[in-house]
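Secondary and tertiary structure notes
Each chain, written out:
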Amino acid sequence: MPTNQPVGPPEAAVAASEIEVGSGRSDGRRHHHLPDSRDPPGRHRLDKGKGRGATLILAYQTLGVVFGGLVTSPLYVYPSMPLKSPTEEDYLGIYCIMFWTLTLIGVVKYTGIALKADDQGEGGTFALYSLLCRKVNVGILHSKHVESNSGVSRRGLPERTEKQSTLGKFFEQSIVARRVLLFIAMLGMCMLIGDGILTPAISVLSAMDGVRAPFPSVSKSLVEALSAIVLIVLFLLQKFGTSKVSFLFSPIMGAWTLTTPLVGIYSIMKHYPSIFKALSPHYIVQFFWRNGKEGWLSLGGTVLCITGSEALFADLGHFNRTSIQIAFLCTIYPSLVLTYAGQTAYLIRHPNDYDDGFYKFIPRSIYWPMFAVATLAAIVASQSWSILPPNKEGEVYSPEINYILMILCVAVILIFGDGKDIGNAFGVVVSLVMLITTILLTLVMIMIWRTPTVLVALYFCVFFVMEGVYVSAVFTKIPEGGWIPFAISIILAFIMFGWFYGRQRKVEYELTHKINLDRLETLLSEPGMQRVPGLCFFYTNIQDGFTPILGHYIKNMRSLHKVTVFTTLRYLLVPKVTPCERIIVNKLALEGVYGCVIQYGYADSLNHEGDDLVTQVTNALIAHIRTCSSFSSPGSPEEVHQEVAYIEEAKLAGVVHIRGKARFYLSNSCGWFDKILLGFYEVLHSNCRSALPALGVPLPQRIEVGMLYDA
């Protein structure tokens, strides 16, 4: 029978929600869930494909989901560069920089290295942090607290079989270093959110700007207004789900990926057949030697050629490593190399057309078909960050987040309509995310993979220096639009760090002051304690024990319901949990006291009606009692019947749902860091939704018990 074990990394498990990890006691008793159990919840995720055929299909699907931002970057790279009377040698140097950026960062770093650093199949900057938390003790909570609260098997905890590295010991001993590492990981994730704001804006605006080439009388303000209307319509359609139209995305991106390099080949043959001599790195040296500071500043636009590369890694959980590698190496990479070569060949012959470097290199005979494909590709790119592949088990849609993103995207276009300003902002996002990924990957190499020092040094020096130069260039653009994502990311990172830190401190307090089963038995045996009629669902959020609020409640109310079910809502890192695995119950060692875990995936909805929830749980309890009586702890049929009747009688007497609401008491002895972070957490927590309304619990049945935690 399954045990109450959450899925996923310990740090993620304790931070995912307000009511999260399982409760109960590991007392060797049998746990029961509804019949016909199949695979454990961790297996109910995207089938990532087995066999070459399935892998090729997944590779095709990645075109419309993973690579939308990257493959449409030719629309805005050259217009985003601050060029001044560029020469043929300048263009050759720029193309050489773009080629080696795509090769080193796209092929070597992401496709060759980062995709191997997944955390249980998931990718992205925070997945790297989660991987470090699972393998090395770099989390905010001490590993023994993580182990106690997570219920994860030893295979998911920090491995101590090998001697810990010096760097690992440093992080374990320094709380400041661990906090900085967490903030860096959150900043990288927030930068991706900024990417979600800027990608729709710059993609749609750049595509719609193609109207001005054949119709010069069309004003820039009209293009901005049309782009804003397109984005509003797209965001309003999100509530219907993208799965209904996602089957169109890959063909559109496939058409774009195929046609742009064909146009590029035509442009190369017509304008500059020897363009590929620019692959020699000496053109980079000559470019910077000749242009100096101006060449360095142009990197703020050049870096956009690799925009969207983080999606190779971040979307790993949607597909598999092989499918992403095949799609990038066989289609995306050669397509970009040829497209940029064609653009550069055209610009060498028309050096002053860089402000519209894409549409002007399109032959007039195919202009409108290419405009249509470009517009559709830009629309797909603007939505690819928010969709899930067709074979994923559900989609996650939050109306509030959707409308906030819509407002921010439209505001970016209307306020900063100049493509250069948005490009500057985009450059900040791209370069910082790449740099943060490099830092975290280096830590993984040192502390987990135990990569030889020479290889780690080679990797770090090449990519940190390369991306550091890009970051230094884009930081000069902060006054010219680059501050937008930086401000958004810092604010979001502070909010996330405050919430995460507050949750960890709360979990730490609860683990230190938890009520175990023996302590509960002592409390219930005190003089004057009563067991009142009725069925009580007491919501708790810690593993291997009960919340301190339980002791606070019993001491003050001097009572506990005759049938009390300590209930945990556990959110698993899987899309959906099958109904047969939804409810897990167990009987504790005290009369009328039971444990219950209600499991949900992130794509499940808590749409129970209150009475339906009560019925499901009581049915599971009755089935559990009868099963235990038959197999593990034989009892007379009269005893089983009496216990079942006891539950039914309590249900008829009345049902109540009790939820704790703890707050931190910030005394004068608290440090300034705790006063700021925990005070901010209390502001966030006071505006946090309760899960009880989502469960359909009637208002008269809800009780909130407050308690102050000493910080």
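As the structure is a computational prediction, the values presented were derived from the model and not from experiment.

**Details of the environment of Glu 294**
With respect to the helices, strands and loops of the structure, Glu 294 is situated in helix H12 (residues 293-302). On a C-alpha basis, the gap between Glu 294 and Leu 83 in space is 8.1 Å, while along the polypeptide they are 211 residues apart.

**Some words on the pattern of salt bridges**
As enumerated under the stated definition, the model contains nine salt bridges in all. With a closest N to O distance of 3.3 Å, Arg 558 and Glu 526 form a salt bridge. One end of the pair, Arg 558, is in the loop between helix H21 (548-557) and strand E3 (559-572); the other, Glu 526, is in the loop between helix H20 (517-524) and strand E2 (530-539), and 32 residues separate them in sequence. Looking at Glu 526, the relative accessible area reads 27%, which means it is partly exposed. When the shortest N-O distance is used, the salt bridge between Arg 663 and Glu 682 registers 3.7 Å. A residue pair is termed long-range when its members are at least 10 positions apart, and Arg 663 in strand E6 (residues 655-665) and Glu 682 in helix H24 (residues 672-686) qualify at 19 residues.

**Observations regarding helix H9 (residues 220-236)**
Taking 1.5 Å per residue as the helical rise, H9 with its 17 residues ought to reach 24 Å, and the 24 Å between its terminal C-alpha atoms agrees with that figure. Among all positions of H9, only Val 223, Glu 224, Ser 227, Ala 228, Leu 231, Leu 234 and Phe 235 are buried. On an axial view of H9, the arc spanned by its buried residues comes to 135°, and they lie on one face. Counted as exposed and oriented over 90 degrees from the buried face of H9: Ser 221 and Ile 229.

**Thoughts on the side chain of Lys 109**
Here Lys 109 lies in helix H4 (residues 88-113). Assessed through its relative accessible area of 0%, Lys 109 is described here as buried. Of the polar contacts made by the side chain of Lys 109, one reaches the side chain of Thr 438; its length is 2.8 Å. Excluding anything up to four places from it in sequence, Lys 109 contacts Leu 104, Ala 114, Met 434, Thr 437, Thr 438, Tyr 459, Phe 463 and Glu 467.

**Details of the packing of H4 against helix H18 (residues 453-475)**
Interhelical geometry of H4 versus H18 gives an angle of 130° and a closest axis separation of 12 Å. It follows that H4 is oblique to H18 by the angle criterion. Crossing of H4 over H18 shows left-handed handedness. Listed contacts from H18 to Ile 97, Trp 100, Thr 101, Leu 104, Ile 105, Val 108, Lys 109 and Ile 113 of H4 are Tyr 459, Phe 463, Met 466, Glu 467 and Tyr 470. Residues that form the contact of H4 with H18 fall into these classes: ten nonpolar, one polar and two charged.

**Some points on the packing of aromatic side chains**
Any pair of aromatic rings gets described here by the distance separating the centres and the angle formed by the planes. Within the structure shown, the criterion is met by 28 aromatic pairs. When the centroid spacing of 4.7 Å and the interplanar angle of 15° are considered together, the rings of Phe 460 and Phe 464 count as stacked. Within this pair, Phe 460 and its partner Phe 464 are both found in helix H18, separated by four residues, close to a single helical turn. The class for Phe 464 is partly exposed, based on a relative accessible area of 31%. One aromatic cluster is present, built from ring pairs that chain together Trp 256, Phe 358, Tyr 359, Phe 361, Tyr 367, Trp 368 and Phe 371.

How each quantity is defined
- Along each chain, residue indices are assigned from 1 in the same order as the chain's sequence is written.
- With the structure being a predicted model, the display of local features is reserved for residues of pLDDT at least 70 and the display and counting of side-chain atom pairs for 80 or more, all residues being used for whole-chain, interface and lining totals.
- Just so you know, side-chain values use all the structure's heavy atoms and leave hydrogens and water out.
- The helix and strand labels rest on DSSP assignments: H or I over at least four residues marks a helix, E over at least two residues marks a strand, and numbering proceeds from the N terminus.
- Note on definitions: salt bridges are taken to be side-chain nitrogens of Lys or Arg within 4 Å of carboxyl oxygens of Asp or Glu.
- The rule is simple: take the accessible area with a 1.4 Å probe, protein chains only, and divide by the maximum for that residue type; under 20% is buried, over 50% is exposed, in between is partly exposed.
- The span you would expect from a helix comes to 1.5 Å times its residue count less one.
- Our arc is simply the arc of the directions from the helix axis toward the C-beta atoms.
- Definition of a polar contact: a pair of N or O atoms within 3.5 Å, with one able to donate and the other able to accept a hydrogen when the atoms are protein atoms, and with sequence-neighbouring residues admitted only if both atoms are side-chain atoms.
- Two residues qualify as a contact provided that any one of their heavy atoms is within 4.5 Å of a heavy atom in the partner residue.
- Angles shown run from 0 to 180 degrees and are taken between the N-to-C directions of axes, each axis being a line fitted to C-alpha atoms and, for helices, limited to the stretch in contact.
- Note that the term roughly parallel is reserved for angles under 35 degrees, roughly antiparallel for angles over 145, roughly perpendicular for angles of 65 to 115, and oblique for everything else.
- Handedness of each helix crossing follows the sense of rotation of the near helix against the far helix: counterclockwise by less than a right angle gives left-handed, clockwise gives right-handed.
- Ten residues, namely Ala, Val, Leu, Ile, Met, Phe, Trp, Tyr, Cys and Pro, are considered nonpolar, four, namely Asp, Glu, Lys and Arg, are considered charged, and the remaining ones, Gly among them, are considered polar.
- For this analysis, a ring pair means two rings from Phe, Tyr or Trp (six-membered ring only for Trp) whose centres lie within 6.5 Å, classed as stacked if their planes differ by under 30 degrees, edge-to-face if by over 60, and tilted for the remaining angles.

By themselves, these are just geometric observations and shouldn't be taken as functional.
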